[in-house]
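As a plain string of letters, each chain reads:
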Number of protein chains: 2
Amino acid sequence: MIGPATYFRPEHRAGLDARTRALVDRRDAVLSPGYRLFYEHPVEFVRGSGTKLYSRDGDEYLDVYNNVPSVGHAHPRVTAAIAEQSALLNTHTRYLHEGLIEYAELLLAAFPPALDTLTLVCTGSEANDLALRVAKHATGRRGVIVTENAYHGVTTEIAAISPSLGGVASLGDWVRTVRPPVGDGSAMLQDARTAIAELQAAGHGVAALIVDTAFASDGFIPPSPETRSALAAVQRLVREAGGLVIADEVQPGFGRLGATAGEPSLWGFPRHDLSPDLVTIGKPMANGLPVAGLVARRELMQGFGERVRYFATFAGTPVSVAAARATWEVLHDERLPEHAAVVGAELRGMLDELAARHDRLRGVRGSGLYLAGDVVDAATGDPDERAAVALVGALRERRILISASGRDNAALKLRPPLPFSSADADRFITELDGALGDLG
Amino acid sequence: MIGPATYFRPEHRAGLDARTRALVDRRDAVLSPGYRLFYEHPVEFVRGSGTKLYSRDGDEYLDVYNNVPSVGHAHPRVTAAIAEQSALLNTHTRYLHEGLIEYAELLLAAFPPALDTLTLVCTGSEANDLALRVAKHATGRRGVIVTENAYHGVTTEIAAISPSLGGVASLGDWVRTVRPPVGDGSAMLQDARTAIAELQAAGHGVAALIVDTAFASDGFIPPSPETRSALAAVQRLVREAGGLVIADEVQPGFGRLGATAGEPSLWGFPRHDLSPDLVTIGKPMANGLPVAGLVARRELMQGFGERVRYFATFAGTPVSVAAARATWEVLHDERLPEHAAVVGAELRGMLDELAARHDRLRGVRGSGLYLAGDVVDAATGDPDERAAVALVGALRERRILISASGRDNAALKLRPPLPFSSADADRFITELDGALGDLG
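Residues numbered from 1 in each chain as written. Chains lettered and ligands numbered in written order. Predicted model: local features only at pLDDT ≥ 70, side-chain atom pairs only at ≥ 80, totals over all residues. Heavy atoms only, no water.

### As for the relation of the copies chain B and chain A
Consideration 1: Rotating chain B by 180 degrees about the axis while translating it 0.0 Å along that axis superimposes it on chain A, leaving an RMSD of 0.0 Å. Each copy turns onto its partner about a two-fold axis. The rotation axis passes nearest to the C-alpha of Ala-83 of chain B in chain B, at a distance of 2.3 Å.
Consideration 2: Counting the interface residues of chain B, we find that 100% of their copies in chain A are interface residues as well, pointing to one common contact surface. (Least-squares fit on C-alpha atoms with pLDDT ≥ 70 in both. Contact = heavy atoms within 4.5 Å.)

### Here's the deal with the pattern of salt bridges
Residue and element names in this part refer to chain A.
Consideration 1: Within the structure shown, the criterion is met by 61 salt bridges over all chains.
Consideration 2: A salt bridge links Asp-25 to Arg-13; the nearest nitrogen and oxygen atoms lie 2.6 Å apart. Here Asp-25 is found in helix α1 (residues 18-30), whereas its partner Arg-13 is found in the segment before α1, with twelve residues between them in sequence.
Consideration 3: In this structure Arg-13 comes out as partly exposed when scored by relative accessible area, which is 35%. (Salt bridge = Lys/Arg side-chain N within 4 Å of Asp/Glu carboxyl O. Helix = DSSP H or I, 4+ residues; strand = E, 2+ residues; numbered from the N terminus. Buried < 20%, exposed > 50% of the residue type's maximum accessible area, 1.4 Å probe, protein only.)

### Some points on helix α8 (residues 225-240) of chain A
Residue and element names in this part refer to chain A.
Consideration 1: For α8, spanning 16 residues, the distance from its first C-alpha to its last is 23 Å, which sits close to the expected 22 Å at 1.5 Å a residue.
Consideration 2: Burial in α8 covers these residues: Thr-227, Ala-230, Leu-231, Ala-233, Val-234, Gln-235, Leu-237 and Val-238.
Consideration 3: On its buried face, α8 sits against β5 (143-147), α7 (186-201), β7 (206-212) and β8 (244-248).
Consideration 4: Directly after α8, the chain includes Gly-242, whose backbone phi takes a positive value near 90 degrees. (Expected span 1.5 Å × (residues − 1).)

### Points about helix α10 (residues 318-333) of chain B
Residues and elements named next belong to chain B.
Consideration 1: With 16 residues, α10 extends 22 Å from end C-alpha to end C-alpha; this agrees with the ideal 22 Å at 1.5 Å per step.
Consideration 2: Of all 16 residues that make up α10, twelve are buried, and the element is covered over most of its length.
Consideration 3: Taken together, the buried residues of α10 touch α2 (76-88), α3 (98-108), β4 (115-121) and α11 (336-357).
Consideration 4: Two residues or fewer after α10 comes Arg-335, characterised by a positive phi angle close to 45 degrees.

### So, unusual backbone geometry
All names here are of chain A.
Consideration 1: For Tyr-39, which is not glycine, the phi dihedral falls at a positive 80 degrees.
Consideration 2: On the secondary structure map, Tyr-39 appears in the loop between α1 and β1 (45-49).
Consideration 3: Its relative accessible area of 4% is what places Tyr-39 among the buried residues.
Consideration 4: Even without being glycine, Arg-399 reaches a positive phi, approximately 65 degrees.

### Regarding the packing of aromatic side chains
All names here are of chain A.
Consideration 1: Per the stated rule, a full pass over the model turns up 24 aromatic pairs over all chains.
Consideration 2: A centroid spacing of 6.2 Å and a plane angle of 90 degrees characterise the contact between Phe-254 and Trp-328, whose relative ring orientation is edge-to-face. Highlighted residues: Phe-254 in the loop between β8 and β9 (259-260) and Trp-328 in helix α10 (residues 318-333), separated in sequence by 74 residues.
Consideration 3: Given a relative accessible area of 4%, Phe-254 falls into the buried group. (Phe/Tyr/Trp six-rings, centres within 6.5 Å; stacked < 30°, edge-to-face > 60°.)

### Thoughts on the side chain of Ser-125 of chain A
Consideration 1: Here Ser-125 of chain A is to be found in helix α4 (residues 124-139).
Consideration 2: Residue contacts for Ser-125 of chain A: discarding those within four places in its chain leaves His-152, Gly-153, Val-154, Thr-155 and Ile-158 of chain A together with Glu-126 of chain B.

### Describing the sheet that holds β1 of chain A
All names here are of chain A.
Consideration 1: Taken together, the four strands give an open sheet; going across it, the order is β1-β2-β3-β15, and neighbouring strands pair in mixed fashion. Edge positions in the open sheet fall to β1 and β15 (400-401), since each of these has one partner strand only.
Consideration 2: Note that β1 and strand β2 (residues 52-55) share four bridges and pair antiparallel. Looking at β2, one finds that Phe-45 is bridged to Ser-55. (Pairing = 2+ DSSP bridges.)

### As for the interface of chain B and chain A
Consideration 1: Contacts between chain B and chain A engage 94 residues on the former and 94 residues on the latter.
Consideration 2: Between chain B and chain A, roughly 8,500 Å² of surface is buried when both sides are summed, and carbon and sulfur atoms account for 58% of that area.
Consideration 3: Among the residues of chain B in contact with chain A, Leu-96, Arg-309 and Phe-314 of chain B are the three that bury the most area, contributing 11% of the side total.
Consideration 4: The interface formed by chain B and chain A includes six salt bridges.
Consideration 5: Here Arg-26 of chain B and Glu-105 of chain A are joined by a salt bridge, their closest N and O atoms 2.8 Å apart.
Consideration 6: Applying the counting rule to chain B against chain A returns 46 residue pairs in polar contact (both at pLDDT 80 or more).
Consideration 7: Among the elements that line the side of chain B that touches chain A, the one with the most residues is helix α1 (residues 18-30) of chain B, at nine residues. (Buried area = accessible area lost by both parts, 1.4 Å probe. Polar contact = N/O pair within 3.5 Å; in protein donor to acceptor, adjacent residues only side chain to side chain.)

### A short note on the confidence of the model for chain A
Consideration 1: With 98% of its residues at a pLDDT of at least 70, chain A reaches an overall mean of 95.
Consideration 2: Interface predicted TM-score (ipTM) for the complex: 0.97; the corresponding pTM is 0.97. (pLDDT = per-residue confidence, 0-100.)

### As for the packing of α1 of chain A against α3 of chain B
Consideration 1: Packing of α1 of chain A against α3 of chain B leaves a shortest axis separation of 9 Å and a crossing angle of 40 degrees. Considered as vectors, α1 of chain A and α3 of chain B are oriented oblique to each other. Considering the relative orientation of α1 of chain A and α3 of chain B, their crossing is left-handed. Together, Arg-19, Leu-23, Arg-26, Arg-27 and Val-30 of chain A of α1 of chain A and Glu-98, Leu-100, Ile-101, Glu-102, Ala-104, Glu-105 and Leu-108 of chain B of α3 of chain B make up the contact between the two elements.
Consideration 2: Split by residue class, the contact of α1 of chain A with α3 of chain B holds six nonpolar, no polar and six charged. (Axes fitted to C-alpha atoms, helices over the stretch in contact; angles between N-to-C directions. Parallel < 35°, antiparallel > 145°, perpendicular 65-115°, else oblique. Left-handed = near helix turned anticlockwise from the far one by under 90°. Nonpolar A, V, L, I, M, F, W, Y, C, P; charged D, E, K, R; others polar.)

### A short note on the sheet that holds strand β17 (residues 411-414) of chain B
Residues and elements named next belong to chain B.
Consideration 1: Strand order in the open sheet formed by four strands is β13-β14-β17-β16, and the pairing between neighbours is antiparallel. The outermost strands of the open sheet, each flanked by one partner alone, are β13 (361-367) and β16 (403-405). In this sheet, neighbouring strand axes are inclined to one another by 30 degrees on average, regardless of whether the strands run parallel or antiparallel.
Consideration 2: Two strands pair when backbone bridges link them, and β16 and β17 are joined in this way by three bridges, in the antiparallel orientation. Within the sheet, the bridge partner assigned to Ser-405 lies in β17 and is Ala-411.

### So, the packing of α3 of chain B against α10 of chain B
Residues and elements named next belong to chain B.
Consideration 1: Between α3 and α10, the shortest axis-to-axis distance is 9 Å and the interhelical angle comes to 35 degrees. The two elements α3 and α10 meet at a crossing, and its hand is left-handed. Here Gly-99, Leu-100, Glu-102, Tyr-103, Leu-106 and Leu-107 of α3 lie close against α10, whose contacting residues are Val-321, Ala-324, Arg-325 and Trp-328.
Consideration 2: Among the residues making up the contact of α3 with α10, the classes are represented as seven nonpolar, one polar and two charged.

### Section: the state of the cysteines
Consideration 1: Summed over the entire model, instances satisfying the criterion amount to zero disulfides over all chains.
Consideration 2: Free cysteine: Cys-122 of chain A, not disulfide-bonded; nearest cysteine sulfur from Cys-122 of chain B at 6.5 Å.
Consideration 3: The exposure class of Cys-122 of chain A is buried, given its relative accessible area of 1%. (Disulfide = S-S within 2.5 Å.)

### Quick word on the environment of Leu-414 of chain A
All names here are of chain A.
Consideration 1: Tracing the sequence through the fold places Leu-414 in strand β17 (residues 411-414).
Consideration 2: Along the sequence, Leu-414 and Leu-354 sit 60 residues apart, while their C-alpha atoms lie 15 Å from each other.
Consideration 3: The contacts of Leu-414, once residues within four sequence positions are left out, are Val-64, Leu-351, Leu-369, Tyr-370, Leu-371, Ile-402 and Phe-428.

### Describing the pairing of β4 of chain B
Looking along a regular strand, one sees the side chains alternate between the two faces of the sheet.
Residues and elements named next belong to chain B.
Consideration 1: Among the seven residues of β4, six are classified as buried, and the element is accordingly described as predominantly covered.
Consideration 2: As judged from the six bridges shared by β4 and strand β12 (residues 292-297), these two strands associate in the antiparallel manner. By the bridge assignment, Leu-118 is partnered in β12 with Val-295.

### Some words on the environment of Val-182 of chain B
Residue and element names in this part refer to chain B.
Consideration 1: Along the chain, Val-182 falls in the loop between β6 (175-178) and α7 (186-201).
Consideration 2: Linking Val-182 and Asp-218, residues 36 residues apart in sequence, is a C-alpha distance of 9.9 Å.
Consideration 3: Sequence-distant contacts of Val-182, defined by excluding residues within four places in its chain, comprise Ile-221 and Thr-227.

### Describing the side chain of Asn-90 of chain A
Consideration 1: For Asn-90 of chain A, the location among the structural elements is in the loop between α2 (76-88) and α3 (98-108).
Consideration 2: A distance of 3.0 Å separates the side chain of Asn-90 of chain A from the backbone nitrogen of Val-319 of chain A, its partner in a polar contact.

### Some details on the environment of Ala-74 of chain A
All names here are of chain A.
Consideration 1: With respect to the secondary-structure elements, Ala-74 resides in the loop between β3 (60-63) and α2.
Consideration 2: Looking at Ala-74, the relative accessible area reads 22%, which means it is partly exposed.
Consideration 3: Spatially, the C-alpha atom of Ala-74 lies 8.4 Å from that of Asn-287, the residues being 213 residues apart in sequence.

Structure follows, in structure tokens:
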């Protein structure tokens with residue numbers, strides 16, 4: 001289930017230096033075997049700044065992978081906000097605190113007017129879990145439709161709608177999958193018709209369709225006029241069946257995708273012409289503190305709030321909110337979505353140019369600073385997981401951090417902190433060029 | 001479902017000062033209706049220190065309620081650790097970081113040797129959700145046994161085992177309840193026999209028994225020799241049925257209960273002679289940052305880790321771990337479990353003395369700084385929710401923070417930050433005495 005070796009495996013142990021080996025051994029002795037380390041040769045970072053991470057040895061790595069520290073590692077404004085609020089007060093949402101209110105006002109102003117109600121939680125998994133609870137409560141139905149390699153999180157409920165974790169066999173019997181919106185989108189539409197019919201026949205009905213608006217684990221699927229109209233049709237069918245539409249913006253949200261139709265944009269759903277009833281947000285929301293949320297139409301939360309007791313101790317605390325607010329301000333003051341659009345286009349152009357020279361690289365796609373490209377067998381053009389994994393490892397040795405993802409684990413996943421510069425792009429492309437050349 | 005008025009309700013709005021009313025209105029406009037504020041007259045806190053919270057008006061409140069900032073509000077060592085690590089680095093567990101390893105080593109040394117494997121998550125709900133996932137995976141069964149008014153969290157899965165949220169009707173069909181271990185414990189034992197038989201007859205089998213080791217929502221039940229032997233028998237029956245035992249230490253853990261058999265103790269399960277297979281921890285773990293965890297026998301995590309992909313982005317990050325580590329060090333350096341035992345005993349003595357003078361207060365119980373007492377109808381001796389709620393509100397006006405809990409919402413819930421002093425206890429008792437007198 002885990003790819004050949006973007007992760008450390010016990011057989012790599014012999015090749016490690018003494019300190020790394022000792023840390024790995026100590027770690028293995030105390031942490032669950034489920035914990036995995038990146039790379040055959042794991043890295044120990046001790047400091048970060050902007051788009052750079054620094055190892056214990058003092059080596060500088062260019063981060064083209066980490067989407068959580070989205071406004072840059074250890075951004076001084078976020079760090080200062082956390083320090084200041086921690087020293088002052090950190091309680092919960094059952095006392096009044098203006099910080100929470102101000103943040104909610106700022107955030108909701110960036111959504112369509114109908115999406116007017118915020119609930120904060122701590123993780124993307126909790127946000128999606130709550131979104132499904134609300135959808136099931138509001139509709140009185142339990143069927144859920146997801147894309148065929150979707151990933152939405154790790155609670156029991158959300159693992160049961162995440163085929164990328166354990167395949168279709170691991171899903172709840174109230175879950176149906178649809179192909180993602182590729183090509184003319186007709187496959188997705190056809191699958192959605194079948195899914196709805198099956199869920200209704202089984203007595204589950206349709207509570208919700210949930211989609212990651214970057215379709216990242218389904219292979220980073222960009223919208224086209226055809227897929228937009230297919231998604232609109234799927235959305236209509238789901239609504240006709242009494243279901244709700246959930247946009248999972250945990251990964252694409254907060255400006256990573258750069259611009260939509262030439263305008264800087266914070267979210268992925270408008271790119272697909274989706275009009276969700278519920279939107280989940282998380283990862284980059286507080287640049288690394290555990291903050292996530294659910295933005296919803298009020299009527300959905302009204303019924304839920306009246307009949308269900310829901311209180312999340314650690315959510316919406318003054319420190320969490322201070323971190324989220326500072327992250328929000330940096331995102332806007334430093335015009336990072338605009339920057340992501342510009343530098344992302346530049347980087348994509350460079351990748352296209354690289355793909356023209358290297359048979360191993362194809363299908364460069366994505367938006368803003370959320371890009372992908374397939375590593376393929378030069379002869380057959382088929383996805384080549386082994387080569388992708390080798391490339392990720394080779395880049396680590398060149399002090400560049402990326403990862404591989406997608407159904408075949410052969411799509412390079414590029415999602416650097418948003419302050420990624422043209423110089424960073426140059427450095428990355430130089431090393432990728434070299435590593436592709438070495439691949440043969 | 002929500003008690004009469006430990007919470008703010010719209011009809012209280014007219015009685016508010018202008019600023020509070022404006023904040024409440026702004027809050028209502030943006031947050032889910034599920035968000036609730038404490039008190040008819042909500043409080044706006046802007047600063048905290050030790051056992052005190054300070055309102056915007058500059059009034060000092062004594063905190064006898066908040067168990068999350070367990071080593072004291074805004075403890076300077078914890079605050080400094082958060083500030084320092086935030087300014088340095090905050091990534092995730094797929095790179096090596098010695099802080100995580102050191103913390104896991106420290107923490108596991110405080111558990112019985114068999115409980116040797118740590119998984120970090122962000123919230124108590126996630127910890128219990130993961131514990132059930134592991135138990136179901138390890139046993140191949142799905143039945144879960146909980147106490148009749150249990151609360152374990154808010155994910156879909158965990159709400160389905162939390163009767164205190166929505167009553168027995170809200171539980172999963174794979175859940176059975178047992179009475180808590182009161183009296184000679186025979187009721188619990190009898191219920192457990194029935195629960196196991198029913199779960200087996202329904203084809204669910206028994207995956208786990210899960211208990212909050214303070215039995216807080218079941219009314220704060222202290223152990224006795226009789227309940228200990230009843231729990232031991234229940235534990236044996238569960239194991240004979242192939243199930244696992246989960247101790248939920250999210251609330252009682254990290255020293256709140258003071259001492260067990262005269263020795264300072266961090267956990268609640270040894271008080272009941274329980275030998276859990278899985279232990280969940282959370283709330284006070286990082287003094288307010290979202291940090292929680294699952295401590296388990298390695299063989300359980302081995303199978304789970306090999307076959308299930310589980311990665312929690314925000315869990316075990318350098319900043320989370322720095323906060324947890326500093327909290328741990330303060331807890332030990334300031335000998336807070338010992339302190340909780342001593343001051344808790346003092347406070348309990350004062351409460352007993354108060355109960356002897358006020359017919360309205362009975363059944364003082366608990367351990368360390370986790371105490372309860374029932375507010376009753378003086379004539380009948382029955383739990384009096386209305387009076388309990390009035391008392392909580394009256395104490396808020398006297399600048400003392402407590403709450404009411406339990407099945408009848410008539411048990412006073414006392415769980416102050418652990419540095420609670422004898423002077424704090426005096427101040428609290430003086431005000432409680434006055435408020436009880438005013439109750440009539």
